[in-house]
Amino acid sequence: MLLKMEALNFAETKSGLQVGEGITTGTVCKQHGDDAMSAATRMIIETRDLTKVFGMGDTTVTALDRVSLHIQIGEMVAIMGPSGSGKSTLLNILGCLSTPTSGTYLLDGQDVSRLDKVQLAAIRNQKLGFVFQSYNLLPRTSAMRNVMLPLVYDRTHKVPREQWETRAREMLEAVGLGDRVDHEPQELSGGQQQRVAIARALIADPVLLIGDEPTGNLDSKSGKEIMKLLLNLNGRGMTILIVTHDPAIAQYTQRVIHLKDGRIDTEVHNGHGHPQPVQKETEISQLLSVEN
Amino acid sequence: MNPNEVLRISWEAIVKNRVRSLLTMLGIIIGVAAVIIMIAISSGTEATIRDQITSLGSNLVFITANFTRNGPQRSSQLTSGGLVYSDATAIQQQIPNVAGVSVEQGATETVQAGPVSLSSVAILGSLPDYLSVRGMSIASGRYFTLEENTNHAKVAVLGSSLAQSLFGTSDPIDQSVQVGSLRMTVIGVLAKKGLVGDMDYDARLYMPLQVVLHYFIPSRFARFLGQSVRTIYVQVADPSKMDDTIQQINLLLLQRHKVSASSPDFTITTQQDIITTQGSTTAAFRNLLAWVAGVSLIVGGIGIMNIMLVSVTERTREIGLRQSVGATPSDIRSQFLAEALLLSLVGGVIGILIGVGGAYIFSAFGGMRTVIVPSSILLAFCSAAAVGAFFGFYPANQAAQLDPIDALRHE
């Protein structure tokens, strides 16, 4: 019962986010006059000629070469490509961990391509949620405390200190770990650890969830469960970007962007269609099915 | 990130690595404890010396004879013989602000009482003022009078342990003792004084100065030179006029000895001079110890820096993760700086406890007097904090400058 209620709360938060969306989209459209963008959709990621060059002088390597891509709100997109294709570089830039050499990157309508370290840190805190291949949980720290971590660095204090625990508990319940709040990472299975990581990624209410090989360290069963959970989140409106080399994982997404030699090689639509309007009833049952 | 969170995170990091944290703190703990114990011991020694000096009477001026002769041609002159007994009387009679004058002259004799015979007993000839000047008191009987001194009365006063050795439990008053060839009557026993410096005040036999000068130090030149004495003790009545009194004594003696002020044949020192001299010795000692403790603190600080650098390397992925969820370089820096600071402060507190406890143990079981100086605790604590901040800064900065991408990939 509790799980249902919390999951519901969670869904409401998400749908609440979508209410303000029209305004933002409007300004984005005006500023950039992009005809391809419909007035009803809001772009979460919009890059133009994103280029990253490593090295100096004569020995330079162009890791990303004029990459332009768009990801709408509610989309679930996979980026694939062989090693050296520039997908890590792209992920780092899209994840605001580094900045492009040239080109622009609008994240949720905000140009983040020229921000400094401190501003990027704030963007990561406010807008992004990361899920890593190796979970990256703090060792010897309870699941609850791990999930709270982004709030510690939130300078806007959108969640008051006294609500951190409640909020973290909600998140853990939403990913099906309501009974594991006090467990430390070493007491959890890989799949459970990755769920903690997902709860952590979601707690600060990001506009984009970035998964860097999120199932890479998991067996196929746990991997499937994690993907189901991500699909669920996507079903409730969360925009998700996954970097993977596993075509089976990429199959879960709506769109797969293949990179090759720093450029977008192909873009494949998986035929899942564009994101559906949020349906609370199905979400909860889906979440429960993941749980079981 | 608010300071509470910074402190909490750092505290948790320390507690999670309890053993390592403790080992890291060890240098600081030892340094701080050493500072406190060393200062406590040297202050204790200083206090002991001061007490010993002042226990021999207060507001004292010591006049000692210089044993430098101004050449053989003057050796027979009356004035070059240093201090004489009459100098003491002159000081007592002519200088105002003098509470008492004591002249001491020692000798060594065999002392016998009934069947008990003690050889090489220290004998001290003095004046009646001796008791008040040297801060001694009588336990039973009385001290001798000025008349007895002038009349060479054969009376003796025993130190407490000497009385015990000679007479056991029986009352020595009015008993007779044989001192060398002289039969004397015991008129008093002094209260226990104990060992001051290396002088056992309780094992001595006290008698009028004149008796000592007359019977135990027969001087061939006494007729010409007067009765020479080594030291005259003057107790000043009003310590605020100490300097004036010293000047007056100086002038009087220069006049009496007919010597120039540039080459006097005596030296005047005050108790304060002696305390200062002794104090400067212990201060030098204390400074040396403080440097040793300081070096230990620096070594402790390097230990902290070392472990913090290891910790930064070990926790590179954690740093990367924190950065990925929004920690800024300054967040990371404050976290590691706070950790170093906490490590050294906790180490400092443990060190203070050990230092205070150690100082107590030293005084309780080591027979060493220790005085815990509050400022030394403050000093130790502040230096621990300074060490933490200083040696924590470099590792913290290293951590803050990590690139989030590299940090996240770190294996």
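Preceding block: the structure.
Sequence order sets the numbering: in each chain, residues are counted from 1 along the sequence as written. As they are written, the chains are lettered A onward and the ligands numbered 1 onward, keeping that order. With pLDDT at 70 or above as the cut-off, local features in this predicted model cover only qualifying residues; side-chain atom pairs require 80 or more to be listed or tallied, and sums for whole chains, interfaces and linings still use all residues. As a convention, hydrogens and water are excluded, and side-chain values are obtained from all of the structure's heavy atoms.

What about the packing of helix α2 (residues 18-55) of chain B against helix α13 (residues 374-400) of chain B?
When two helices pack together, you describe them by how their axes are tilted relative to each other and by the distance separating the axes.
All names here are of chain B.
And step 1. The axes are straight lines fitted to the C-alpha atoms, using for helices just the contacting stretch, and the angles between their N-to-C directions are given from 0 to 180°. The way it works is that DSSP assigns letters per residue, a run of H or I at least four long becomes a helix, a run of E at least two long becomes a strand, and they are numbered from the N terminus. Two numbers describe how α2 lies on α13: the axes approach to 9 Å, and their chain directions differ by 155°. In terms of their interaxial angle, α2 and α13 are classed as roughly antiparallel. In this structure, α2 crosses over α13, and the sense of that crossing is right-handed. Contact with α2, carried on its side by Ile-28, Val-32, Val-35, Ile-36 and Ile-39, involves Ser-376, Ile-377, Leu-379, Ala-380, Ala-384 and Val-387 of α13 and no other residues of that element. When describing relative orientation, an angle under 35 degrees is termed roughly parallel and one over 145 degrees roughly antiparallel, while 65 to 115 degrees is termed roughly perpendicular and anything else oblique. Handedness of a helix crossing follows the sense of rotation of the near helix relative to the far helix, less than a right angle counterclockwise being left-handed and clockwise being right-handed. Here, residues are in contact when the closest pair of their heavy atoms is within 4.5 Å.

A word on the interface of chain A and chain B
And step 1. With 26 residues of chain A at the contact, the number on the chain B side is 26 residues.
And step 2. Here's the idea: put two parts together, see how much 1.4 Å probe accessible area each one loses, and the total over both is what we call buried area. Between chain A and chain B lies a buried interface of about 2400 Å² when both sides are counted; carbon and sulfur atoms form 53% of it.
And step 3. Any Lys or Arg side-chain nitrogen located within 4 Å of an Asp or Glu carboxyl oxygen qualifies as a salt bridge. The interface formed by chain A and chain B contains 3 salt bridges.
And step 4. The shortest N-O distance in the salt bridge between Asp-331 of chain B and Arg-155 of chain A comes to 2.9 Å.
And step 5. Any pair of nitrogen or oxygen atoms within 3.5 Å is treated as a polar contact; in protein, a donor-acceptor pairing is required on top of that, and neighbouring residues in sequence qualify only through side-chain atoms on both sides. Our count for the chain A to chain B interface comes out at 11 residue pairs in polar contact (both at pLDDT 80 or more).
And step 6. Secondary structure elements with two or more residues in the side of chain A that touches chain B: α3 (87-94), α4 (117-127) and α5 (143-152) of chain A.
And step 7. In terms of residue count, α4 of chain A provides more of the side of chain A that touches chain B than any other element does, 5 residues in total.
And step 8. A per-class count over the side of chain A that touches chain B returns 12 nonpolar, 7 polar and 7 charged. Under this grouping Gly is polar, as are all residues other than the nonpolar Ala, Val, Leu, Ile, Met, Phe, Trp, Tyr, Cys and Pro and the charged Asp, Glu, Lys and Arg.

Describing the sheet that holds strand β10 (residues 255-260) of chain A
Across a sheet, strands are paired by hydrogen bonds formed along the backbone, either parallel or antiparallel in direction.
Residue and element names in this part refer to chain A.
And step 1. One bridge is not enough; two strands pair if DSSP finds at least two bridges between them. Spatially, β7-β8-β9-β4-β10-β11 is the arrangement adopted by the 6 strands of the open sheet, whose pairing is mixed. Every interior strand has two partners, whereas the edge strands, β7 (128-131) and β11 (263-269), have only one. For this sheet, the mean angle separating the axes of adjacent strands, direction not counted, is 20°.
And step 2. Where strand β8 (residues 208-212) meets strand β9 (residues 239-243), 5 bridges bridge the pair, whose relative direction is parallel.

Re the pairing of strand β3 (residues 116-126) of chain B
All names here are of chain B.
And step 1. Two strands pair when backbone bridges link them, and strand β2 (residues 98-113) and β3 are joined in this way by 8 bridges, in the antiparallel orientation. Across the sheet, the residue bridging to Glu-109 is Val-121, located in β3.
And step 2. The turn joining β2 and β3, which pair antiparallel and follow one another in sequence, is formed by 2 residues; a positive phi near 60° is taken by Gly-114.

Some words on the environment of Gln-110 of chain A
And step 1. Summarising the element assignment, Gln-110 of chain A is placed in strand β6 (residues 110-111).
And step 2. Counting along the chain gives 60 residues from Gln-110 of chain A to Leu-50 of chain A, while the straight-line C-alpha distance between them is 15 Å.

Considerations on the pattern of salt bridges
And step 1. Under the criterion given, the structure shown has 24 salt bridges over all chains.
And step 2. The shortest N-O distance in the salt bridge between Arg-66 of chain A and Asp-65 of chain A comes to 3.1 Å.
And step 3. Asp-202 of chain B serves as the salt-bridge partner of Lys-192 of chain B, at 3.8 Å between the closest nitrogen and oxygen. Note that Lys-192 of chain B is positioned in the loop between β7 (182-190) and β8 (195-196) and Asp-202 of chain B in the loop between β9 (199-200) and β10 (205-208), a separation of 10 residues in sequence.
And step 4. Judged by relative accessible area, which is 71%, Lys-192 of chain B ranks as exposed.
And step 5. Asp-202 of chain B sits in the buried class, given a relative accessible area of 3%.
And step 6. Ionic contacts of the salt-bridge type, sharing partners, join the residues Arg-315, Glu-318, Arg-322 and Glu-339 of chain B into one network. For every residue, the accessible area (1.4 Å probe, protein chains only) is compared with the maximum for its type, and the residue is labelled buried under 20%, exposed over 50%, or partly exposed between those bounds.

Looking at helix α11 (residues 316-324) of chain B
And step 1. Burial within α11 of chain B is extensive, with 8 of its 9 residues counted as buried.
And step 2. Turning to α11 of chain B, its buried residues are Thr-316, Glu-318, Ile-319, Gly-320, Leu-321, Arg-322, Gln-323 and Ser-324 of chain B.

Side note on a nonpolar patch on the surface
And step 1. Patch building starts from residues that exceed 30% relative accessible area and form no salt bridge, then joins like charges within 9 Å and nonpolar side chains (Val, Leu, Ile, Met, Phe, Trp, Tyr) within 5 Å. For accessible areas, the Shrake-Rupley method is used with a probe of radius 1.4 Å. Any residue's cover is judged against the shown protein chains and nothing else. A surface patch of nonpolar side chains, amounting to about 400 Å² of accessible area, comprises Val-19, Leu-23, Leu-26 and Ile-30 of chain B.
And step 2. Here Val-19 of chain B is to be found in helix α2.

A look at helix α1 (residues 3-16) of chain B
And step 1. Here the expected length of a helix is defined as 1.5 Å per residue gap, with one fewer gap than residues. The first and last C-alpha atoms of α1 of chain B sit 20 Å apart over 14 residues, in line with the 20 Å expected at 1.5 Å per residue.
And step 2. Taken residue by residue, α1 of chain B has Glu-5, Val-6, Ile-9, Ser-10, Ala-13 and Ile-14 of chain B as its buried positions.
And step 3. In this fold, the buried residues of α1 of chain B make contact with α5 and α6 (164-174) of chain A together with α2, α11 and α12 (329-365) of chain B.

A short note on the packing of helix α7 (residues 190-203) of chain A against helix α8 (residues 220-235) of chain A
Residues and elements named next belong to chain A.
And step 1. With their axes 9 Å apart at the nearest point, α7 and α8 run at an angle of 20° to one another. When the interaxial angle is binned, α7 and α8 end up roughly parallel. Classified by chirality, the crossing of α8 by α7 is right-handed. Counted together, Gly-191, Gln-194, Arg-195, Ile-198 and Leu-202 of α7 and Ser-222, Glu-225, Ile-226, Leu-229, Leu-230 and Leu-233 of α8 form the full contact between these two elements.
And step 2. Of the residues in the contact of α7 with α8, the class split is 6 nonpolar, 3 polar and 2 charged.

Side note on the environment of Thr-89 of chain A
All names here are of chain A.
And step 1. Tracing the chain through its elements places Thr-89 in helix α3.
And step 2. By relative accessible area, which is 12% here, Thr-89 ends up buried.
And step 3. With 26 residues separating them in the primary sequence, Thr-89 and Ala-63 have C-alpha atoms 6.8 Å apart.
And step 4. Setting aside anything within four residues of it in sequence, one finds Thr-89 in contact with Lys-52, Phe-54, Ala-63 and Leu-64.

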